[in-house]
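Per-entry structural report
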Protein chains: 2
Amino acid sequence: DLFHRVLFFPDKVVACKAHFRGRDGCKNVNCHFSHSDTSLSELLKYITNAKRSLDVCVFSICCHELADVLVESHERGVIVRVVTDGEQTGATGSQIGKFRSKGIQVRHDNSSFLMHHKYVIIDGEILINGSFNWTRSAVTGNHENVVITNNTELLKPFEEEFENLWELYEPS
Amino acid sequence: DLFHRVLFFPDKVVACKAHFRGRDGCKNVNCHFSHSDTSLSELLKYITNAKRSLDVCVFSICCHELADVLVESHERGVIVRVVTDGEQTGATGSQIGKFRSKGIQVRHDNSSFLMHHKYVIIDGEILINGSFNWTRSAVTGNHENVVITNNTELLKPFEEEFENLWELYEPS
Ligand SMILES: [Zn+2]
Ligand SMILES: [Zn+2]
């Protein structure tokens, strides 16, 4: 079935990692994070549910919560590929070094222009795209959007773009 | 009828303004701009075809071609409203001063966080959204996307977000 969803940021509260990703939820009675759905928790759910592949094409990746979900997906056998902006890989808080040390394949541009996309394709079936970089300030500070859809008219061009960039940025 | 389109940037060539916006096309036999469709020329066509309203919610607006189309739309009676990021209004090349001098209504945030959306709603009927800021480097240098759709499931939330931000940023 076709579906479309739109999530807006900023979240007013920070989603509790233990609550949304642990098997039994969060047991901390003094937890000061949110146990209600937020835009971040919804985003984490989609990515956590990946079964086969995660094609991530995001300009800036600094948010631990989102990066950790990619690492865990990689560790349970999901094929994770990351395309990002070259200059952003050296930015404070960048999670790219962690990806590489965990064996996740990362490729990036080598130009002064920006690899400015912010999208991820889940299992070749769901596209998440918008203004949203994977940074903490994008989650709790900025006004941002993501559109989530399984419409192949939208999905297919983004898949092709991913494969094009993946080849274009192949290390020589 | 429902439609979805995806445009990617960068354009390899710069669209000829005279060709795509003039009544009779470009007559310059030595013109070094493109008379074939580009992602920019497609984007300009959608915006130029606005009949009633343009709700523009874009982080950074520096591209003359896109800004000029907003001014011309305003001058022929289209209601143009612009929401943008406060800090970006003072950036080199920002077109916001021109909008104000022409009588286009502009509102912006006053925080250190970003008003980071990059979308426009045309006549309340077409949504154009993606990673694309309205800058020259986004047109001819960066890797960027825009999704164009008239699906109301997507359009409506973005309209509500626009109205929310428009009120939020009302000058006191
Ligand atoms: Zn908790
Ligand atoms: Zn020309």
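In case you missed it, the structure is sitting above this.
Summary of the structure given here. (Residues numbered from 1 in each chain as written. Chains lettered and ligands numbered in written order. Predicted model: local features only at pLDDT ≥ 70, side-chain atom pairs only at ≥ 80, totals over all residues. Heavy atoms only, no water.)

A few words now on the interface of chain A and chain B. Contact residues are listed per partner, giving 31 residues for chain A and 31 residues for chain B. Between chain A and chain B we count 20 residue pairs in polar contact (both at pLDDT 80 or more) in total. Of all the secondary-structure elements, those providing two or more residues to the side of chain A that touches chain B are strand 1 (4–9), strand 5 (118–122), strand 6 (126–130), strand 7 (144–149) and helix 6 (152–168) of chain A. With 7 residues, helix 6 of chain A is the largest single contributor of residues to the side of chain A that touches chain B. Partitioning the side of chain A that touches chain B into residue classes produces 13 nonpolar, 13 polar and 5 charged. (Contact = heavy atoms within 4.5 Å. Polar contact = N/O pair within 3.5 Å; in protein donor to acceptor, adjacent residues only side chain to side chain. Helix = DSSP H or I, 4+ residues; strand = E, 2+ residues; numbered from the N terminus. Nonpolar A, V, L, I, M, F, W, Y, C, P; charged D, E, K, R; others polar.)

Turning our attention to the sheet that holds strand 2 (residues 53–58) of chain A. Note: strands within a sheet are paired through backbone hydrogen bonds, in either parallel or antiparallel orientation. Residues and elements named next belong to chain A. Overall, mixed pairing links the 7 strands, which are arranged 1-7-6-5-2-3-4 in an open sheet. Unpaired on one side and paired on the other, strand 1 and strand 4 (105–108) mark the two borders of the sheet. Pairwise comparison of adjacent strand axes, ignoring direction, gives a mean angle of 15 degrees for this sheet. Pairing of strand 6 with strand 7, which is carried by 4 bridges, proceeds in the antiparallel orientation. Of the residues in strand 7, the one forming a bridge with Ile128 is Ile148. Where helix 2 (residues 39–48) meets the sheet, it contacts strand 1, strand 2, strand 5, strand 6 and strand 7, and its direction lies at approximately 135 degrees from that of strand 1. Sheet contacts for helix 6: strand 2, strand 3 (79–84), strand 4, strand 5, strand 6 and strand 7; angle to strand 3, the most-contacted strand, approximately 75 degrees. (Pairing = 2+ DSSP bridges. Axes fitted to C-alpha atoms, helices over the stretch in contact; angles between N-to-C directions.)

This brings us to the coordination of the zinc ion (ligand 2). All names here are of chain B. The coordination sphere of the zinc ion (ligand 2) contains the protein donors Cys16 (SG), Cys26 (SG), Cys31 (SG) and His35 (NE2), at a distance range of 2.1 to 2.4 Å. Coordination at the zinc ion (ligand 2) is tetrahedral: its 4 donor atoms span angles of 105 to 115 degrees at the metal. Mapping the donors of the zinc ion (ligand 2) onto the primary sequence gives the spacing C-x9-C-x4-C-x3-H. On the criterion of sequence distance, the pair formed by Cys16 in the loop between strand 1 (4–9) and helix 1 (17–21) and Cys31 in the loop between helix 1 and helix 2 (39–48) is long-range, its members being 15 residues apart. Considered together, Cys16 and Cys31 belong to a single accessibility category, that of buried residues. (Donors = N, O, S within 2.8 Å, 3.2 Å for Na, K, Ca; no water. Tetrahedral: all angles 85-135°; square planar, octahedral: opposite > 155°, others 65-115°. Buried < 20%, exposed > 50% of the residue type's maximum accessible area, 1.4 Å probe, protein only.)

Read these as geometric descriptors, not functional statements.
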